[in-house]
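What follows is each chain in one-letter form.
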Amino acid sequence: MSARQLAITVGVAVLMGVLGLALGRYAAYLVNAVAIAALGALSLNLIIGYCGQISFAQGALLGVGAYTAGNLSNAGLDGAVAILGGGLLGAAVSALVGLPAMRLRGLYFAIATLAAQAILEYLFKILDPLTNGVSGLVITPPTILGFPMNSDQSLVVPSLVILVLAWLAVSRLMRTDLGRAFLVVRESEIVAKGMGIDVSHAKMQAFLIGGFIAGVAGALAGYANRLASPEAFTLDLSADYIAMIIIGGLGTWPGPLIGAAFVVLLPEAIQRVGEAAGISDILSALRELAFGLLIILFLIFEPRGLTALLSRLRPRGIGAAPHGSVGAPGESGQPQEGGSR
Amino acid sequence: MTLALQLAVAGLATGSVYALIAIGVVLIFKCSGVVNFAQGAYAMVGAYVSYVLLRTGLPAIVAVLGSMAVLAVFGTLTERLVLRPMLKAPLVAVMMVTLGLLIVSRAACLIVWGPDQIAFPKVFPEGAISAAGIFITYNYVAAGVLALVLSLGFLAFYQFTPIGLQQRCAADNTRAALAIGIHVSNQVSLAWAMSAALAGLAGTLLATLNGLSLDLAGIGMIAFPVIVVGGLSSLAGALIAGLLLGMLQSFTDGLLTPALEEFLREHTSIYSVGALQQVVPYALLVLMLLFRPQGLFGRRGTERV
Amino acid sequence: MALTASDVTIRFGGVVAVNRMALDVLPGEIVGLIGPNGAGKTTFINCLSGTYRPNAGSALWGGDELIGLSPSALLRKGVARTFQNVASLHDLTVLDIAKLGASVRRDRRFGGHLLDFFRSERALEAALTESILAPLELTDVAHKPIQTLSYGRRKAVDLARALAGDPQLLLLDEPVAGLTSHEGMAMAKAVRDVRDRLGCAVIMVEHKMDVVMSTCDRIAVMAAGSKIFEGLPAAVQADAEVRRVYLGEP
């Protein structure tokens, strides 16, 4: 990463930390929610935005992280170890999900990840000894490196530290041979092969790293909610994450955070406004409606997301960061058959 | 044996409805290259529209046809307003926009009709057939037979009529179709219209079986295993795979689940396998993609480099 | 090392695209491969570079069989190629592409990526800029995304990528096609410089006869999948059969 990216990352995190710790419990809750969503979006941006592999299973991968970390810390391990465990199992399951990507591409692979999501959701429900079934696994607040995580405020620092580390790691990754290989694979697997890139290997690395970050995000989500339940990690969550990186800007550097903040904070804002206007009974529906419409409108009118929108408003703004120039994956994701659309 | 027959008949009935949904998905895929997440939304909206029309006292047949017409308009609008501006967008964006449409439709229905299940007006006579030791309600018979007949009818339409021929032309080779004077973009719109109308009907039929609620939108997801098993571009494959998966689910629910649970209770601490019938199609999907990605009836080599 | 390709044959369905093609290339030699469209020139290059797997034939490279190896394995053996059409790779700069080219010579498993993560690329960047980008006049655009460059410069970037892998055998697929004549001459000069500097063997598929005549040491002519003539540039120009098949004379 560049020095500028480092400064921005740390600066934003410090700002979020100050807000989260100074403005009370609700602010801390929001900061945690944004940080966790940004982590999940970061992982998906790596897989979809940089490597060009569609995945609808990210929601379930977060679930794997949450259940793993929950069980580990419930068993008495330190939260830091438990989070690491969540990340590792997330990576392992993600590798399994990505395995068909070695043979399938585009649409077929997208459908395979959809199936993976459905199967994982099912496993959350029935692997009773590990997941406590449909009622969900209650997670006792752990201690992380000795600090008890018994409030929203206490989780702010670990969430943000992990977010910064993951963010810098991914930024750095994109400046290595592997990161550059991702970008070529995204544009065209054929070109990548011709250039001597081991395409399968690159894809698998994207799934491993993306799965690790998703697992860590899930672990933090479990600690934030003190519960890991099947309803929390459904296809809807996967769709939320895809929406975040699309709204933030696919394959852009600041996109995951911008998209996460938008998707997390918009419903909260609607909630507040709605409560003030006295229409709280249809709020959840309005939230959904706004969310769906935004996805559609962004995809049609600004497919490169808020990052592009912001950088157009302010030409030298955050959107001008490296990797922020062009976002859309190329032909590699196109269907190979009946393609007359 | 009686149980097996009972399960088979029930499976065929739901399978026919799956087929109706999946045929629509394949139809859209063939001419637009898009796998449509909003198919479930069409089913749900179709059911609600039928409900509204039935409540006005219209005869059932008129109400259902009216709802199909409304859905045809909805489908056309989707294609013209949402899909067409995204011709050059990456696959993930196109899949996502149809998912967005599903979310919006669900929210809109939630605002208008609320979250609770609504009893669907009687469309078919009450009562049941009891023959050869099996017992099946008229509702089931009617929904199954209607869905099956319409699926077959649609396949015949697609195969044997001039419009069907133009559809096939436009789907197979856009350039050639244009060259011989077929208005391809109209054909694409037409495909979306027909597909949405079929889904609307399927939604209505499902509502007569299970009642009317937002959950109807979930039916769209079953289309994915069905079309992969049938072969992404085969309409007949969608029909056969729909019936197969309906039966598979029925047998899973009626035979496999009880047997498996008994075994698990004896040997492990898992006491329930939950809704196994819902996940079995996905397991089949994964196996299919790994070992026969072109599906049972798809053409080999369709997934080229 | 020398390349000895013999009997290379590839069929697509019923069409024999390359039929018992043979070609020898010595180190430090530039061999031009010419012929009408559809003669099988690019297909032959694709067979040598691992893109296609021929039905039969052999390509010995200093005693090693190249046929059947993947592009990445070939690159590790020093066999690099350029492409007829340069892909537009969003977000990647000229230097990024050069680094990708350099990376393929290293086998990168078992934690190799982890090392990359902590290694500074300054030294690599300096070396690539000096030895690869400067001779191709790409230094000034080193940090520009390649889709902002002209077509001619993108082709130079593709050559830079191939050269960064330190090739011993260089397969060039129409390196000057689509370039202005000035760019074409610069490219041809770059190819000769590379040969002089690295002493590598070069096979160059090209249609522009002036470039072929001025650049190549030897020329092979293909038609309908087979080699119909091979010789010095002057001899090719003089050969009646070549003139008939290729130059369109009666």
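Residues numbered from 1 in each chain as written. Chains lettered and ligands numbered in written order. Predicted model: local features only at pLDDT ≥ 70, side-chain atom pairs only at ≥ 80, totals over all residues.

(A) Molecular detail of the overall build of chain C. Regarding its fold elements, chain C presents 10 helices and 10 strands. Dimensions of chain C, computed from the C-alpha atoms along their principal axes, are close to 60 × 40 × 30 Å. Going through the 250 residues of chain C one by one, you find that 46% of them count as buried. Pairs at least 24 residues apart make up 69% of the contacts formed inside chain C by residues separated by at least 6 positions. (Helix = DSSP H or I, 4+ residues; strand = E, 2+ residues; numbered from the N terminus. Buried ≥ 20, exposed ≤ 12 C-beta atoms within 10 Å, placed from the backbone. Contact = placed C-beta atoms within 7 Å.)

(B) Spotlight on the overall build of chain B. Assigned secondary structure in chain B consists of 11 helices and 2 strands. Ordered by position from the N terminus, the helices and strands of chain B form the series α-α-α-α-β-β-α-α-α-α-α-α-α. Against the globule reference of 19 Å for 305 residues, chain B gives a C-alpha radius of gyration of 20 Å, in line with a compact fold. Residue burial in chain B is summarised as follows: out of 305 residues, 53% are buried. Relative to all contacts within chain B whose residues are 6 or more apart in sequence, the contacts with residues 24 or more apart total 77%. (Rg over C-alpha atoms; globule rule 2.2 N^0.38 Å.)

(C) The pairing of strand β7 (residues 169-173) of chain C, seen in detail. All names here are of chain C. The buried fraction of β7 amounts to 5 of the 5 residues, a majority that puts the element mostly inside the structure. Neither face of β7 is open: one carries L169, L171 and D173, the other L170 and L172, and all of them are buried. Across 3 bridges, strand β6 (residues 79-81) lies against β7 in parallel orientation. Paired with R81 across the two strands is L171, which belongs to β7. Examined bridge by bridge, β7 and strand β8 (residues 201-205) share 5 bridges and lie parallel to one another. Of the residues in β8, the one forming a bridge with L169 is A201. Handedness of the β-α-β unit built from β7, helix α7 (residues 181-198) and β8 comes out right-handed. (Pairing = 2+ DSSP bridges. Right-handed = clockwise from strand over helix to strand, strands pointing away.)

(D) Here's a closer look at the interface of chain A and chain B. Each side of the interface is counted separately: chain A has 46 residues, and chain B has 52 residues. The biggest single contributor to the side of chain A that touches chain B is helix α5 (residues 106-126) of chain A, with 13 residues. Among the residues making up the side of chain A that touches chain B, the classes are represented as 33 nonpolar, 8 polar and 5 charged. (Nonpolar A, V, L, I, M, F, W, Y, C, P; charged D, E, K, R; others polar.)

(E) Here's a closer look at the interface of chain C and chain A. At the junction of the two partners, chain C supplies 21 residues and chain A supplies 22 residues. Counting only elements with at least two residues in the side of chain C that touches chain A, the list comes to α2 (71-76), α3 (94-103) and α4 (112-118) of chain C. A total of 4 residues in the side of chain C that touches chain A trace back to one element, the largest contributor, which is α3 of chain C. The class makeup of the residues in the side of chain C that touches chain A is 10 nonpolar, 5 polar and 6 charged.

(F) Representation of the nonpolar core in the model. Among the nonpolar cores identified, the biggest contains 295 residues, and I21 and A22 of chain B together with A160 of chain C are the most heavily contacted of them. With 17 residues, helix α1 (residues 2-32) of chain B is the largest single contributor of residues to this core. If sequence neighbours within four positions are ignored, A22 of chain B has contacts with A223, V226, I227, G230, A238, A241 and G242 of chain B. (Core = buried A, V, L, I, M, F, W, Y, C linked by C-beta atoms within 7 Å.)

(G) Local environment of the sheet that holds strand β1 (residues 3-12) of chain C. Residue and element names in this part refer to chain C. The 4 strands lie next to each other as β2-β1-β4-β5, forming an open sheet whose pairing is antiparallel. Strands at the two margins of the open sheet, each flanked by one partner only, are β2 (15-25) and β5 (64-65). With 7 bridges joining them, β1 and β2 adopt antiparallel strand pairing. In the strand pairing of β2, L3 is matched with V25.

(H) Layout of the arrangement of the chains. A comparison of contact numbers over the 2 pairs of chains in contact places chains A and B at the top. At the C-alpha level, the nearest point of chain B lies 12 Å from chain C, with no contact between them.

(I) Here's a closer look at the confidence of the model for chain B. Considering every residue of chain B, the mean pLDDT works out to 85; 98% of them sit at 70 or more. Mean pLDDT in chain B bottoms out at helix α7 (residues 174-179) of chain B, which sits at 77, and peaks at helix α2 (residues 39-55) of chain B, which reaches 94. (pLDDT = per-residue confidence, 0-100.)

(J) Representation of the sheet that holds β7 of chain C within the structure. Residue and element names in this part refer to chain C. Strand order across the open sheet formed by 6 strands is β6-β7-β8-β3-β9-β10, with mixed pairing between neighbours. Each end of this open sheet is capped by a strand with a single partner; those strands are β6 and β10 (226-231). Averaged over all pairs of adjacent strands, the angle between their axes in this sheet comes to 20°, without regard to strand direction. By the bridge criterion, 5 bridges tie strand β9 (residues 218-223) to β10 in an arrangement that is antiparallel. Within β10, the residue paired with V221 across the bridge is F229. (Axes fitted to C-alpha atoms, helices over the stretch in contact; angles between N-to-C directions.)

(K) Structural detail: the pairing of strand β4 (residues 56-61) of chain C. Residues and elements named next belong to chain C. Residues G57, A59 and W61 point to one face of β4 and are all buried, whereas A56, S58 and L60, pointing to the other face, are not buried. The pairing of β4 with β5 spans 2 bridges and is antiparallel. Opposite L60, over in β5, you have E65 as the bridge partner. Taken together, β4 and the strand that follows it, β5, pair antiparallel across an intervening segment of 2 residues, in which G62 is found at a positive phi of about 55°.

(L) The confidence of the model for chain C, seen in detail. Summary statistics for chain C give a mean pLDDT of 84 and a share of 93% for residues scoring 70 or more. Scored by ipTM, the complex comes to 0.85, with pTM at 0.87.

(M) Structural detail: unusual backbone geometry. Phi angles above zero are rare outside glycine, and R226 of chain A is one such case at about 55°. Classification of R226 of chain A by C-beta neighbours within 10 Å gives partly exposed; the count is 15. At E137 of chain C, a residue that is not glycine, the phi angle is positive and equals roughly 55°. Within the secondary structure, E137 of chain C sits in the loop between α5 (122-133) and α6 (151-164).

(N) Broad picture of α2 of chain B. Residue and element names in this part refer to chain B. Taking 1.5 Å per residue as the helical rise, α2 with its 17 residues ought to reach 24 Å, and the 24 Å between its terminal C-alpha atoms agrees with that figure. With 14 of its 17 residues buried, α2 lies for the most part within the structure. Positive phi shows up at G57, right after α2, with a value of about 95°. (Expected span 1.5 Å × (residues − 1).)

(O) Quick peek at the environment of L245 of chain B. Residue and element names in this part refer to chain B. With respect to the helices and strands, the residue L245 is situated in helix α10 (residues 235-267). With 26 C-beta atoms counted inside 10 Å, the residue L245 sits in the buried group. If near-sequence neighbours (up to four positions away) are discounted, L245 is found in contact with G15, Y18, P225, V226, V229 and P281.

(P) Summary view of helix α3 (residues 58-74) of chain A. All names here are of chain A. Between its first and last C-alpha, α3 extends 24 Å over 17 residues, near the 24 Å set by a 1.5 Å rise per residue. Among the 17 residues that make up α3, 16 are buried, leaving the element largely enclosed by the rest of the structure. Phi turns positive, to about 105°, at G76, one or two residues after α3.

(Q) Examining the packing of helix α2 (residues 24-50) of chain A against helix α10 (residues 199-225) of chain A more closely. All names here are of chain A. Look at α2 against α10: their axes get within 8 Å of each other, and the N-to-C directions meet at 165°. In terms of orientation, α2 and α10 fall into the roughly antiparallel class. Here α2 runs over α10; the crossing is left-handed. Facing N32, I36, L39, G40, L42, S43, L44, L46 and I47 of α2, the residues of α10 in contact are A206, F207, I209, G210, I213, A214, V216, A217, L220, A221 and A224. Per-class residue counts for the contact of α2 with α10 are 16 nonpolar, 4 polar and no charged. (Parallel < 35°, antiparallel > 145°, perpendicular 65-115°, else oblique. Left-handed = near helix turned anticlockwise from the far one by under 90°.)

(R) Structural context of the packing of α1 of chain B against helix α9 (residues 219-230) of chain B. Residue and element names in this part refer to chain B. Axis separation between α1 and α9 bottoms out at 8 Å; the angle between their running directions is 70°. One element, α1, and the other, α9, form an angle in the roughly perpendicular class. In this structure, α1 contributes Y18, I21, A22, V25 and V26 to the contact, and α9 contributes I219, G220, I222, A223, V226, I227 and G230. Its residues assigned to classes, the contact of α1 with α9 comprises 10 nonpolar, 2 polar and no charged.

(S) Molecular detail of the environment of P125 of chain B. All names here are of chain B. Looking at the secondary structure, you find P125 in the loop between α4 (91-113) and β1 (128-131). Residue classification places P125 among the exposed residues on the basis of 9 C-beta atoms within 10 Å. Taking C-alpha positions, P125 is 9.3 Å from T137, a pair spaced 12 residues apart along the chain.

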